[in-house]
Structures are given as structure tokens and as C-alpha cells.
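Structural overview for review
Spelled out from the first residue to the last, the chains are:
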Amino acid sequence: MMKKILLLIFLLFTVLPVAATAEPKENLKAAFIRDNLLWLKIKDKETKITDTGYVRYPKWSFDGSWVAYLKGAKEGDIMDLWLYNLKSNRHFKVKENVGVNFQWSPNENSIGFQVAKNLFILQTSQLGLFTPIVKNIENFSWLPSGKGLLISTKKSPELHSDIILSKVILRKKEMPAINDFYTIKIGENEIFASTSEFKWSNDKKWISFLLIPTASLSADGNTLCVLSANGNTFQKMDEMLNESAWFQWAPYNGLLGYVSGIGREATINKKTRVLKVPSMKNVTLTPMGFVDRDLTWQNNRTIIVSRSKENGSEDLEERALPSLYKISLSDNKQTQITVPPEKDGDFYPEIVKSNLIWIRTDRKNADVMISPTYKTGEMVWIKNINPGSSYYEKWSWDEVFSLYTGK
């Protein structure tokens, strides 16, 4: 009898997550939204950064010394871009009516942002002196070198006109040089209106992005594309939702992980796939009867996904919430690694400094969870953040949480 009791205890502690109580040892940094205000957590200390207004989309500078964010008087108001400096504890208003695609340079404290279709850059060494770069663009991202940007523009106002990708090379004391890089031909039966931001593979040889149709169609499907960095190879690969976190390059090789599937419902027809370049071969990893709703790379051979049972119930509250699963690409072994409470779900996994970090929510409240990547055990790292907005169960967690992933 005693042997059976000991065996049962052993199984409980090896199968179920263990609730940890100690803070992580690493100097982790996160910016998050609580009560619609901006907060920071650095290691074990939480600090409220703003006292008024409605804040969303916190984003860290490359060195972790600045946080950019959008702020309005209340929900639904026009949002302005602000910067906060951790060292001086000061806030700086940059510009009114800024869109959600504002990006820090990958290697210096400069930020690019859009107002309508106009692109600007601000260097934190010259606060207040933002520079107009180019007009009439659809979207942009920084080049990996930080010496310029890649932009997308429509050739003409016509819906079926081609989309031109151009490199904007920044020059000191001179106007930027704009060089057309690649033209995406749009057929008469195609209605692509713009692109997403751009993501480079870690060897800088490939670029991934979405072709986005008109707003009503974009809610149900966008086209994932890959383009070689030399402009010689372009391929439309798959259909997926317009969610930037849903396509990510592996850390060290030419593998692109993404969540495919048309239809605005995140709980139907959403499968994790991995594309290998330059062969352009892909493999589906999600088993029948399930959907994946977020993903991140642990290393070149392992993906962590947010997975739930497929469920098309008209009542969104009846749709299953997800758990985290680890997928080994070498042998396709798939293992459930979190067991949230019955009415909670685990979303938005990220890995930094050997810690797995994710968001747990019951659709009304949300906590940030943490666990050592290679060990059992989990704990609440940040309690009670605002949930991101949800559209047919696709949650936009970048609105309310930003983890600093630099060194």
C-alpha cells in the first residue's frame, strides 16, 4: 500500500506543473498594461510609469533603455506616440495620430513611425526633431543593418496596381536615397492593397511578409510571401491571418514557422507549418482535430505552440482555450507542457534567457506566467494585466505586453 502511495505522489509531481514561488534569477524586463496604464517589471520590481490616459503597444528599444508607447485620453481616441527613458524617468511626446507600426532601429536608439501613409524617423539624441523620410507608403521595417528601411508602396491608386518594395538608405546631412528593390506584380483578378511589416531570416538571406487585400477580405485571409534578399526569388506560399506574431524565422537557419489557414475564426482551420528555404517545401505539424493559435521557436529543432481542440461553436465562450505544446521537428514528438485551470488558456509563448514566458487568461483577466525552459514548474510572474483585444478568438497580446529580448 505504501509503495502505491509513493508512486502516486511521484507521478503527480512529474506530470503536473509545479507552482514555483521564487522570482527568476535573470534580470528580465517587461513592459505591460494594467488598468490601461503603462507599467514596467524589471526582475522582481513592478513600477507604474503613467498615471493617466489609455496606453497600448509598449515597445522596447534595442538596448532596453527606452520604451515607446501609444497613448490616448481614453479608449477609442486618437493615439499619440510617446517615449519613456528609464534612466531619466522622463516622458517625451513625439507625434499625434501615429499608427500601430512604429519600430525601433535594430542597433541604435532611433524610431521609425507612420502618420497615415507618411514615414518619419526620430533619434533620441535629438528629441523633438523628427525627420520626414518618405510619403505615400503602405508599410515599412528597418533593414537588419539599421542603415535604412524597406518600404512598400502602391504603383498607382488603382486597386489592382503593382506593389513596389524599395530600400530607403539613410544618409547624414543628405536626403535619403530611395532605390526600388522588387516589384510585386498584381493581376487583374487580385486585390492586394498593401503589405505587412517585413521579417528577415537570421542569416539575412530571406524576407517574409504578408500581402494584404482590402480590409474586409483581410479579416479572413492574407498571403504569406518569401523573397530572397537579393530579389531573385519570390514565392507566394500560403494563406493566413494578418497576425505578425504568427510567422517567425528559426533562430539560426532557413526555417519559417507560421500558423496557416483562412477564415477569421482562430479556433477553426489554423495549423502550424514549417517552411524550408530555398527548397520551398513545408510540413504541417498540427494534428487533426486541433488548432494552433500562437507559436515561438525554442531552438532550430523545437517549436512551442498554443494549441486547443478545434471548435466552431457560435458561442465563443464555448470554444476551448489552449495549452502550450512542445514540438520536436526531428521526430515530430509533440508534448503538452502546460495544464491551465479549466476555464483558462495559455497564449503568446516567448523564450528569453532560458525562460519560457506566456500569458494565461480566462478571457476577462490575464496573468504573465514564467517557467524555466528546460525544467518543470511554473509561476505567476506578472499578475493582472489588461487582456489584449480579441477578434473571433484571435488575441492581440502585443497591445498589452512587451518582453525585452535583448542582452
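Please refer to the structure placed before this passage.
Residues numbered from 1 in each chain as written. Predicted model: local features only at pLDDT ≥ 70, side-chain atom pairs only at ≥ 80, totals over all residues. Heavy atoms only, no water.

1. Observations concerning empty space enclosed by the protein
A probe matching the size of a water molecule, rolled over the atoms, marks out where space remains unfilled. Inspection of every chain in the model, using the stated rule, returns 1 cavity of 30 Å³ or more. There is about 30 Å³ of room inside the largest cavity. W246, R293, D294, F347, E393, K394 and W395 are the residues that line the largest cavity. For the lining of the largest cavity, the secondary structure elements donating two or more residues are β25 (290–299) and β34 (394–396). Tallied by class, residues from the lining of the largest cavity come to 3 nonpolar, no polar and 4 charged. (1 Å grid on protein atoms, 1.4 Å probe; cavity = no way out; pocket = protein on both sides within 12 Å on 5 of 7 lines; lining within 4 Å. Points joined across faces, edges and corners; volume = space filled by probe spheres on them. Helix = DSSP H or I, 4+ residues; strand = E, 2+ residues; numbered from the N terminus. Nonpolar A, V, L, I, M, F, W, Y, C, P; charged D, E, K, R; others polar.)

2. Regarding the packing of aromatic side chains
Across all of its chains, the model carries 13 aromatic pairs by this definition. Look at Y391 and Y392: their rings are 4.8 Å apart centre to centre, the planes differ by 80°, and that puts the pair in the edge-to-face class. Relative to W397, the ring of W395 lies with its centre 5.4 Å away and its plane at 15°, an arrangement referred to as stacked. Of the two residues examined, W395 and W397, each falls in the buried class. Pairwise contacts between aromatic rings join Y182, F198, F209 and F234 into one cluster. Over the aromatic face of Y404 sits the side chain of K29, whose NZ or CZ is 5.2 Å from the ring centroid. (Phe/Tyr/Trp six-rings, centres within 6.5 Å; stacked < 30°, edge-to-face > 60°. Buried < 20%, exposed > 50% of the residue type's maximum accessible area, 1.4 Å probe, protein only. Lys NZ or Arg CZ within 6 Å of the ring centre and 35° of its normal.)

3. So, the sheet that holds strand β10 (residues 118–123)
The antiparallel open sheet is built from 4 strands, whose spatial order is β8-β9-β10-β11. Whereas interior strands pair on both sides, the edge strands pair on one side only; in this sheet they are β8 (103–104) and β11 (131–134). The pairing of strand β9 (residues 110–115) with β10 spans 6 bridges and is classified as antiparallel. The partner of V115 across the bridge, within β10, is N118. (Pairing = 2+ DSSP bridges.)

4. Digging into the side chain of K270
Checked against the element boundaries, K270 lands in the loop between β22 (255–260) and β23 (271–276). Buried charged residue K270 carries no salt bridge. Nearest counter-charge: E265, at 5.7 Å. Among the polar contacts listed, one links the side chain of K270 to the backbone oxygen of I268, at a separation of 2.8 Å. Discounting chain neighbours no more than four positions away, the residues touching K270 are L241, W246, V259, S260, G261, I262, G263, E265, T286, F290, V291 and D292. (Lys, Arg positive; Asp, Glu negative; His and termini not counted. Salt bridge = Lys/Arg side-chain N within 4 Å of Asp/Glu carboxyl O. Polar contact = N/O pair within 3.5 Å; in protein donor to acceptor, adjacent residues only side chain to side chain. Contact = heavy atoms within 4.5 Å.)

5. Looking at the sheet that holds strand β28 (residues 334–336)
Pairing is antiparallel in the open sheet, where 4 strands are placed in the order β25-β26-β27-β28. Edge positions in the open sheet fall to β25 and β28, since each of these has one partner strand only. Mean inter-strand twist for the sheet, computed between neighbouring axes without regard to direction, equals 30°. Sheet topology note: the strand β27 (residues 323–328)/β28 ladder contains 3 bridges and is antiparallel. (Axes fitted to C-alpha atoms, helices over the stretch in contact; angles between N-to-C directions.)

6. So, the environment of S228
Within the secondary structure, S228 sits in strand β19 (residues 222–228). By relative accessible area, which is 5% here, S228 ends up buried. On a C-alpha basis, the gap between S228 and T50 in space is 42 Å, while along the polypeptide they are 178 residues apart. Residues in contact with S228, not counting those within four places in the same chain, are F181, K205, W206 and T233. A polar side-chain atom of S228 sits 2.7 Å from a polar atom in the side chain of N230.

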